[in-house]
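So you can see what is in the structure, the chains are spelled out below.
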Amino acid sequence: MSSQVVVYVLTALAAVVVVLTRARLGRSDGAARRADVGRLWLAAHTGAGALALVLWLTFLVAPADTALGGSLLGVVALGLWWVVALVGLLILARWLPSKGKHAQAGTEDSWSTGPGLSVLAHVGMVVGVAVFTWAYWSAVV
């Protein structure tokens, strides 16, 4: 399998992570939460993810000799992907056990029991963004 195909597949998976994170945490019923995730963090994850996806796909499909296929757009898109990955890890931190008088018990939902899906998605996002960065710097894309 070529490196370009891997980058395109990981791009699609990164889009799924952004959308599913929004779908799981955007509800107000408290499902899939151990502690409340601030709306600002969720908005940052979704906004940066949507913008990163659009810019990254534009960079990937535009000819290299144009501004849309140029290195500046690629660097900006990579920077946004790193923001998405790091904010995702911060959101994932809601699963860390907490103790104390005001600690909340974990809640379950129909998507998974516990943090397994979130860990897979957000650690996978960090790995995927690292692959994007490698592909960019080694001129694979």
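Worth saying up front: this structure is predicted, and the values here are computed from it rather than measured.

What counts, and where the lines are drawn
Residues numbered from 1 in each chain as written. Predicted model: local features only at pLDDT ≥ 70, side-chain atom pairs only at ≥ 80, totals over all residues. Heavy atoms only, no water. Phe/Tyr/Trp six-rings, centres within 6.5 Å; stacked < 30°, edge-to-face > 60°. Helix = DSSP H or I, 4+ residues; strand = E, 2+ residues; numbered from the N terminus. Buried < 20%, exposed > 50% of the residue type's maximum accessible area, 1.4 Å probe, protein only. Axes fitted to C-alpha atoms, helices over the stretch in contact; angles between N-to-C directions. Parallel < 35°, antiparallel > 145°, perpendicular 65-115°, else oblique. Left-handed = near helix turned anticlockwise from the far one by under 90°. Nonpolar A, V, L, I, M, F, W, Y, C, P; charged D, E, K, R; others polar. 1 Å grid on protein atoms, 1.4 Å probe; cavity = no way out; pocket = protein on both sides within 12 Å on 5 of 7 lines; lining within 4 Å. Points joined across faces, edges and corners; volume = space filled by probe spheres on them.

Things to note about the packing of aromatic side chains
A complete count under the given rule lists five aromatic pairs for this structure. Between phenylalanine 59 and tyrosine 136, the aromatic rings sit 5.6 Å apart at their centres with planes inclined by 50°, giving tilted as the arrangement. A residue pair is termed long-range when its members are at least 10 positions apart, and phenylalanine 59 in helix α2 (residues 39-61) and tyrosine 136 in helix α4 (residues 116-137) qualify at 77 residues. The same class applies to phenylalanine 59 as to tyrosine 136, namely buried. The structure contains a cluster of three or more aromatic residues connected by ring pairs, namely Trp56, Phe59, Trp81, Phe132, Tyr136 and Trp137.

Points about the packing of α2 against helix α3 (residues 71-92)
The contact between α2 and α3 brings their axes to 8 Å, and the two run at 150°. Taken as axis vectors, α2 and α3 run roughly antiparallel relative to one another. The chirality of how α2 crosses α3 is left-handed. By residue class, the composition of the contact of α2 with α3 is 20 nonpolar, five polar and no charged.

Things to note about the layout of surface pockets
Size it by volume and the largest pocket reaches roughly 340 Å³. Contributing to the lining of the largest pocket are 20 residues, with Leu13, Val17, Leu120, Ala121 and His122 lying nearest its centre. For the lining of the largest pocket, the elements supplying multiple residues, two or more each, are α1 (3-25) and α4. Here the lining of the largest pocket is composed, by residue class, of 13 nonpolar, five polar and two charged.

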